[in-house]
Amino acid sequence: MKHEMKLIVDNQQIALSVLREAWRQPLTVSLGDSARRRVAESNELIDEVVAGGKQVYGVNTGFGQLAHVRIDVDQLAQLQENLVRSHAVGVGDDLDDDSVRLIMLMKVIALAEGFSGVRLELVEALCELINHNIYPCIPSQGSVGASGDLAPLAHMAGALLGFGDVRVDGQRMPAAAALADAGIAVVRLGPKEGLALLNGTQVSTAIALAAVYRSENLLAAALVAGAMSADAIKGSDTPFDKRIHRVRGHGGQIAVAGVLRELMHGSDIRASHLACERVQDPYSIRCQPQVVGACLDVVRHVCKVLETEANAVTDNPLVFADSESVLSGGNFHAEPVAFAADYLALAIAEIGALSERRTALLIDSHMSGLPAFLVKDGGLNSGFMMAQVTAAALASENKSLAHPASVDSLPTSANQEDHVSMATYAARRLHTMLDNVANIVAIELLAAAQGVEFHHPKKSSPIIETVISSLREISPQYEEDRSLSTDIRQLAAIVNEGVYCDYAASILPSLGS
């Protein structure tokens, strides 16, 4: 099966941009020589532990509160398979295939580091699932983010063992059948291998990374909408002057101001009111660099945390072949991911909140100078009145969803795992917030385009006029009352696809900044 993207995992740092492409499209994954050597050396030490009879957690013992139970050598394979089957208890909707592909890739990256004690053939079997576009059906709920993402990763591991369901080309089918069709042998687990597959933060990290990539898409679209709104109300571009932002010094603020200047450059509308009497614009227009810039700084910080985690070894115990040591620790605790997701939630909520405020500004004739509710014959027509209400409802919903998940913890496993991160929920709820913001920004784009067109024949900047022309291909100019529901939904999908990223690619972490 031919894939355009090919990746050799060989103990190198996998960049955020590479992970973004792996999220966007299928790929072919293989192991390099260094990774193969380190995996083999790590596995040899586990074989020596088993042969020598030394008691090591998860290798020849039970798990959690049952760690004191010694397991006979002839039951070690069954121990690992029982672990996978007993832990595959996830519920809720399945994760999407793009996120599952990212999960599997990050598990390959972690195992290939050579600290997990697994056999080379296990890592290669996981690569084969990726290479054949076989995506395990992983329920989205059931992980508390410590000891790793146990339940969802058990569903991933189950596909290697031939149980559970997978999706191939969007079609759900039994894992055993999919493996047989692809010529992939069912895996019989060796010592520690079930634990190595189940321990880890790959699920919460993948969901959070997908949210970061979507956040970049929305941030770019919000900047386009914000520039368009500024021109629609005949706002000033003076607040975007680079001298203002240089003296404060925040990188995100400086970058956002630069993008806004580029978006508005060459506007005839702006040139027409250079000598107007308005002194200052409302904050939702004037303070875009300060607010969205702070959001960009959050995204950049979260990217650094998640890039580290995506390349991390997060199972337990860890096998250090060079010192012949097997050490139990807690790298599976996903607190860094939970904190990052909670931080990102604030930025997502604020991007949407500022966009909604600009829509409210546009429809207010006293503030914007535009026809009330952006429609001719107001009174007979209600125009964008209810579209703004929808945006307000979504922005308000995001305020509740932005509440931190990481401050909550419920003990599990008979109080052995007495503090958990809730990272998986922290990441998962971001996508509901992002769906809301995509709709909020879509509403602003429609409203701002309508506002700019009231100034014709004076034109906005070449970039903004190009955006409006493409927007009009799916949403005609609003002449009289009609439902905007379909228009909003279609434009939100375009926003989610990252179409507007071209206008801000230079400042987005996974696209080159």
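Quick look at the structure, then. (Residues numbered from 1 in each chain as written. Predicted model: local features only at pLDDT ≥ 70, side-chain atom pairs only at ≥ 80, totals over all residues. Heavy atoms only, no water.)

With that settled, the discussion passes to the nonpolar core. One finds Leu-223, Met-228 and Leu-445 to be the most contacted residues of the largest nonpolar core, which totals 169 residues. If we skip the residues at most four places from it in the chain, Met-228 touches Leu-445, Ala-448, Ala-449, Val-452, Ile-464, Val-467 and Ile-468. (Core = buried A, V, L, I, M, F, W, Y, C linked by side-chain atoms within 4.5 Å. Buried < 20%, exposed > 50% of the residue type's maximum accessible area, 1.4 Å probe, protein only. Contact = heavy atoms within 4.5 Å.)

Strand order across the open sheet formed by 3 strands is E4-E6-E7, with antiparallel pairing between neighbours. Two strands lie at the open edges of the sheet, namely strand E4 (134-136) and strand E7 (171-174), each paired on one side alone. Ignoring which end each strand starts from, the neighbouring axes of this sheet average 40° apart. Where E4 lies against strand E6 (residues 165-168), 3 bridges are found, and the strand directions are antiparallel. Across the sheet, residue Tyr-135 finds its bridge partner in E6, namely Arg-167. Contacting E4 and E6, helix H4 (residues 97-112) runs over the sheet at an angle of about 90° to E4. (Pairing = 2+ DSSP bridges. Helix = DSSP H or I, 4+ residues; strand = E, 2+ residues; numbered from the N terminus. Axes fitted to C-alpha atoms, helices over the stretch in contact; angles between N-to-C directions.)

A cluster of like negative charges, contributed by Glu-44, Asp-47, Glu-48 and Glu-324, occupies part of the molecular surface. Examined against the element boundaries, Glu-48 turns out to sit in helix H2 (residues 33-52). (Patch = residues over 30% accessible without salt bridge, like charges linked within 9 Å, V, L, I, M, F, W, Y side chains within 5 Å. Areas by Shrake-Rupley, 256 points an atom, 1.4 Å probe, with all protein chains shown as cover. Salt bridge = Lys/Arg side-chain N within 4 Å of Asp/Glu carboxyl O. Lys, Arg positive; Asp, Glu negative; His and termini not counted. Charge placed at Lys NZ, Arg CZ, Asp CG, Glu CD.)

Another aspect to go through is the packing of helix H15 (residues 335-363) against helix H17 (residues 385-401). With their axes 9 Å apart at the nearest point, H15 and H17 run at an angle of 155° to one another. With respect to H17, the element H15 is oriented roughly antiparallel. The two elements H15 and H17 meet at a crossing, and its hand is left-handed. In contact with Ala-349, Ala-353, Glu-356, Arg-357, Thr-359, Ala-360 and Ile-363 of H15, H17 contributes Gln-388, Ala-391, Ala-392, Ala-395 and Asn-398. Residue classes in the contact of H15 with H17 are distributed as 7 nonpolar, 3 polar and 2 charged. (Parallel < 35°, antiparallel > 145°, perpendicular 65-115°, else oblique. Left-handed = near helix turned anticlockwise from the far one by under 90°. Nonpolar A, V, L, I, M, F, W, Y, C, P; charged D, E, K, R; others polar.)

So, about the environment of Val-452. The topology assignment puts Val-452 in helix H18 (residues 423-453). Classification of Val-452 by relative accessible area gives buried; the value is 0%. In sequence terms Val-452 and Glu-465 are 13 residues apart; their C-alpha atoms lie 8.8 Å from each other. Discounting residues that sit within four places of it in the chain, Val-452 has contacts with Met-228, Ala-232, Ile-269, Ser-460, Glu-465 and Ile-468.

The subject of this paragraph is the pairing of strand E1 (residues 5-9). With burial as the criterion, only one face of E1 is covered, namely that bearing Met-5, Leu-7 and Val-9; the residues Lys-6 and Ile-8 on the opposite face remain uncovered. In this region the chain leaves E1, passes through helix H1 (residues 16-24) and returns to the parallel neighbour strand E2 (residues 27-31); the handedness of that crossover is right-handed. (Right-handed = clockwise from strand over helix to strand, strands pointing away.)

Along its 17 residues, H17 runs 25 Å from first to last C-alpha, staying within 8% of the 24 Å computed at 1.5 Å per residue. Every buried residue belonging to H17 is among Ala-387, Gln-388, Ala-391, Leu-394, Ala-395, Asn-398 and Leu-401, and all of these are buried. All buried residues of H17 fall inside an arc of 135° around its axis, so they share one side. For H17, the exposed residues lying more than 90 degrees away from the buried face are Met-386, Lys-399 and Ser-400. On its buried face, H17 sits against H15 and H18. (Expected span 1.5 Å × (residues − 1). Arc of directions from axis to C-beta.)

Looking now at the pattern of salt bridges. One pass over the full model with this rule turns up 24 salt bridges. Its salt-bridge partner being Asp-165, residue Arg-172 comes within 3.0 Å of it at the nearest N-O pair. We classify Asp-165 as partly exposed; its relative accessible area is 29%. As a salt-bridge pair, Asp-487 and Arg-482 come within 3.1 Å of each other at their nearest N and O atoms.

This part is about the packing of aromatic side chains. Throughout the structure, instances matching the rule amount to 3 aromatic pairs. Centre to centre, the rings of Trp-23 and Tyr-213 are 5.3 Å apart; their planes meet at 35°, and the pair counts as tilted. Here Tyr-213 lies in helix H9 (residues 202-232) and Trp-23 lies in helix H1, a separation of 190 residues in the sequence. (Phe/Tyr/Trp six-rings, centres within 6.5 Å; stacked < 30°, edge-to-face > 60°.)

Another point: the side chain of Ser-355. One can find Ser-355 in helix H15. If near-sequence neighbours (up to four positions away) are discounted, Ser-355 is found in contact with Ile-440, Val-441 and Glu-444.

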